Amino acid sequence: MFQLSKKTCYGLRALFELALAHGKGPVTTALIAEKQSIPIPFLEQIFYELNKGGIIASKRGPGGGHRLAKRPEDIRFSDIIQILEGPEFLFDCLGTDADLHACKEYNLCPSRLFVKQLARKIKDIFDNFTMTDLIHIWVEEVRKK
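Residues numbered from 1 in each chain as written. Predicted model: local features only at pLDDT ≥ 70, side-chain atom pairs only at ≥ 80, totals over all residues. Heavy atoms only, no water.

Student: Any chance you could break down the confidence of the model for the chain for me, citing the residues and the numbers?
Tutor: Here the chain averages 87 in pLDDT, and 86% of its residues register 70 or above. Element-level mean pLDDT values for the chain span from 84 in helix α5 (residues 111–127) up to 97 in helix α3 (residues 40–52). (pLDDT = per-residue confidence, 0-100. Helix = DSSP H or I, 4+ residues; strand = E, 2+ residues; numbered from the N terminus.)

Spelled out as structure tokens, the structure:
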């Protein structure tokens, strides 16, 4: 079954908070952790990776915190997921260029053709979905209630 890791789910939730605060100054780790019920040590690790990946910018000390390094509309889900999950986050059996194919039965498996197409379609969706899209969907969902 396709499932994002806890790290990626927490990362998306934290980035949602940063997208909501975009242009209003930095947001502290503690505030995001409290709002999203994310353990602070885990959130710090996630922010380290997102900072290294160019998604967020962080500043230590008084007045410090985190902010998006780009506009929310320029942050694609595929960028976030690739940083937090790795390049072959969808299906291990497809492998990477380095190991060619992780599955030993790759050449015998007829379902790999379906899996390749599915992975391409999911990647296209992630490539075209941004943090701004997430905010719009969230607002619509809240309005329905």
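Student: Can you lay out unusual backbone geometry for me, pointing to particular residues and giving the numbers?
Tutor: For Ser-37, which is not glycine, the phi dihedral falls at a positive 55°. Inspection of the secondary structure assignment puts Ser-37 in the loop between α2 (29–36) and α3.

Student: Tell me what's going on with the pattern of salt bridges, and back it up with residues and numbers.
Tutor: Taken as a whole and judged by the stated rule, the model has 8 salt bridges. One salt bridge in this structure joins Arg-71 and Asp-74, with 2.9 Å as the shortest N-O distance. Residue Asp-79 pairs with Arg-76 through a salt bridge whose shortest N-O separation is 2.8 Å. A residue is classified by how much of its surface remains accessible, and Arg-76, at 33% relative accessible area, is partly exposed. In this structure, a network of salt bridges that share partners links the residues Arg-76, Asp-79, Lys-123 and Asp-127. (Salt bridge = Lys/Arg side-chain N within 4 Å of Asp/Glu carboxyl O. Buried < 20%, exposed > 50% of the residue type's maximum accessible area, 1.4 Å probe, protein only.)

Student: Explain the nonpolar core to me, using residue names and the numbers behind them.
Tutor: Inside soluble globular proteins, nonpolar side chains tend to come together where they are buried. One finds Leu-15, Leu-18, Phe-47, Leu-50, Ile-56, Ile-80 and Met-131 to be the most contacted residues of the largest nonpolar core, which totals 29 residues. Contributing elements (two or more residues each) for this core: α1 (6–20), α2, α3, α4 (77–85), α5 and α6 (131–144). The element best represented in this core is α1, accounting for 7 residues. Each residue touching Leu-50, except ones within four places of it in the same chain, is listed here: Leu-15, Ile-55, Ile-56, Ile-80, Ile-83 and Leu-84. (Core = buried A, V, L, I, M, F, W, Y, C linked by side-chain atoms within 4.5 Å. Contact = heavy atoms within 4.5 Å.)

Student: Report on the pairing of strand β1 (residues 56–59), specifying residues and quantitative values.
Tutor: Bridging between β1 and strand β2 (residues 65–68) involves 4 bridges; their strand directions are antiparallel. Its bridge partner lying in β2, Lys-59 is registered against Gly-65. Adjacent in sequence and paired antiparallel, β1 and β2 are bridged by 5 residues, among which Gly-61 carries a positive phi angle near 90°. (Pairing = 2+ DSSP bridges.)

Student: So what about α5? Which residues, and what values?
Tutor: Helix length check: α5, at 17 residues, gives a terminal C-alpha distance of 24 Å against a target of 24 Å (1.5 Å per residue), a fit within 8%. Taken residue by residue, α5 has Val-115, Ala-119, Ile-122, Phe-126 and Asp-127 as its buried positions. Each buried residue of α5 sits inside an arc of 135° when the element is viewed along its axis, so together they form one side. Residues of α5 that are exposed and point over 90 degrees away from its buried face: Leu-113, Phe-114, Arg-120, Lys-121 and Ile-125. Those residues of α5 that are buried are in contact with α4. (Expected span 1.5 Å × (residues − 1). Arc of directions from axis to C-beta.)

Student: Requested: an account of the packing of α1 against α6, with residues and values cited.
Tutor: Here α1 crosses α6 at 85°, and the two axes come no closer than 10 Å. Considering the angle they form, α1 stands roughly perpendicular to α6. On the side of α1, the interface is formed by Leu-12, Leu-15, Phe-16, Ala-19 and Leu-20, while α6 contributes Met-131, Leu-134, Ile-135 and Trp-138. Split by residue class, the contact of α1 with α6 holds 9 nonpolar, no polar and no charged. (Axes fitted to C-alpha atoms, helices over the stretch in contact; angles between N-to-C directions. Parallel < 35°, antiparallel > 145°, perpendicular 65-115°, else oblique. Nonpolar A, V, L, I, M, F, W, Y, C, P; charged D, E, K, R; others polar.)

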